[in-house]
Amino acid sequence: MIREATILDTKEAAELALLLWPDHTLEEFIQQMEELIEQQDAAIFLAFHEGESIGFAQCQLRYDYVEGTSTSPVGYLEGLYVKDAFRQQGVAKSLVKNCEKWAKIKDCQEFASDCELENNESLAMHLKLGFTEANRIICFKKTL
């Protein structure tokens, strides 16, 4: 079962986000998830199996330029995670489909995402989910 998260799901969503992005704290994610759930231009979807939360997808509207797109706003997959035991069963696909439906309701004509260049697992998953590669870039920075 997949459903959009409510404020009552904040901690569950935060715990799943922490599995995807472990360099943060649960407290940071609880605050971030509360803010996202309350925003009109963001959504969190949770996947459940027998009452247990097993995955999440975070999507938002992006109004700035999104690589490879030509419209605005663009629905954007900000994060996607499915617990190991439930992978390769269509959970990620269902989560992303819910994000795409949400973006269409928000009048988006395009849906996008990204991953790090070296993250081959994420690249393969995106391609399997129907995304096409738009561009590859290397970003630079300099401390002043």
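Remember, predicted model here, so these are calculated numbers, not experimental data.

Conventions we followed
- Residues numbered from 1 in each chain as written.
- Predicted model: local features only at pLDDT ≥ 70, side-chain atom pairs only at ≥ 80, totals over all residues.
- Heavy atoms only, no water.
- Core = buried A, V, L, I, M, F, W, Y, C linked by side-chain atoms within 4.5 Å.
- Buried < 20%, exposed > 50% of the residue type's maximum accessible area, 1.4 Å probe, protein only.
- Helix = DSSP H or I, 4+ residues; strand = E, 2+ residues; numbered from the N terminus.
- Contact = heavy atoms within 4.5 Å.
- Pairing = 2+ DSSP bridges.
- Right-handed = clockwise from strand over helix to strand, strands pointing away.
- Axes fitted to C-alpha atoms, helices over the stretch in contact; angles between N-to-C directions.

Draft legend 1. Focus on the nonpolar core. Of all hydrophobic cores here, the largest spans 22 residues; its most connected members are Leu77, Leu80, Leu95 and Phe111. Elements supplying a minimum of two residues to this core: strand 2 (42-49), strand 3 (52-62), strand 4 (74-82) and helix 3 (91-105). Looking at this core element by element, the count peaks at seven residues for helix 3. With residues up to four places along the chain from it excluded, the contact list for Leu80 reads Leu20, Phe56, Ala57, Ala92, Leu95, Val96, Met125 and Leu129. Among the nonpolar cores identified, the runner-up in size contains 15 residues, and Phe29, Leu36, Phe48 and Tyr81 belong to it.

Draft legend 2. Up close: the pairing of strand 4. Taken across its nine residues, strand 4 has eight buried, putting it largely inside the fold. In this structure, strand 3 lies alongside strand 4, joined through eight bridges in antiparallel fashion. Paired with Cys59 across the strands is Leu77, a residue of strand 4. Sheet analysis places strand 4 next to strand 5 (residues 111-112), joined by two bridges and oriented parallel. Paired with Tyr76 across the strands is Ala112, a residue of strand 5. Viewed along the sheet, the connection from strand 4 through helix 3 into strand 5 turns out right-handed.

Draft legend 3. The arrangement of the sheet that holds strand 4 in detail. The mixed open sheet is built from five strands, whose spatial order is 1-2-3-4-5. Two strands close off the open sheet at either side, each with one partner strand: strand 1 (2-4) and strand 5. Pairing of strand 2 with strand 3, which is carried by eight bridges, proceeds in the antiparallel orientation. In the sheet register, Ala43 faces strand 3, and the bridge partner there is Cys59. Strands in contact with helix 3 are strand 1, strand 2, strand 3, strand 4 and strand 5; relative to strand 4, the strand with the most contacts, it is inclined by about 155 degrees.

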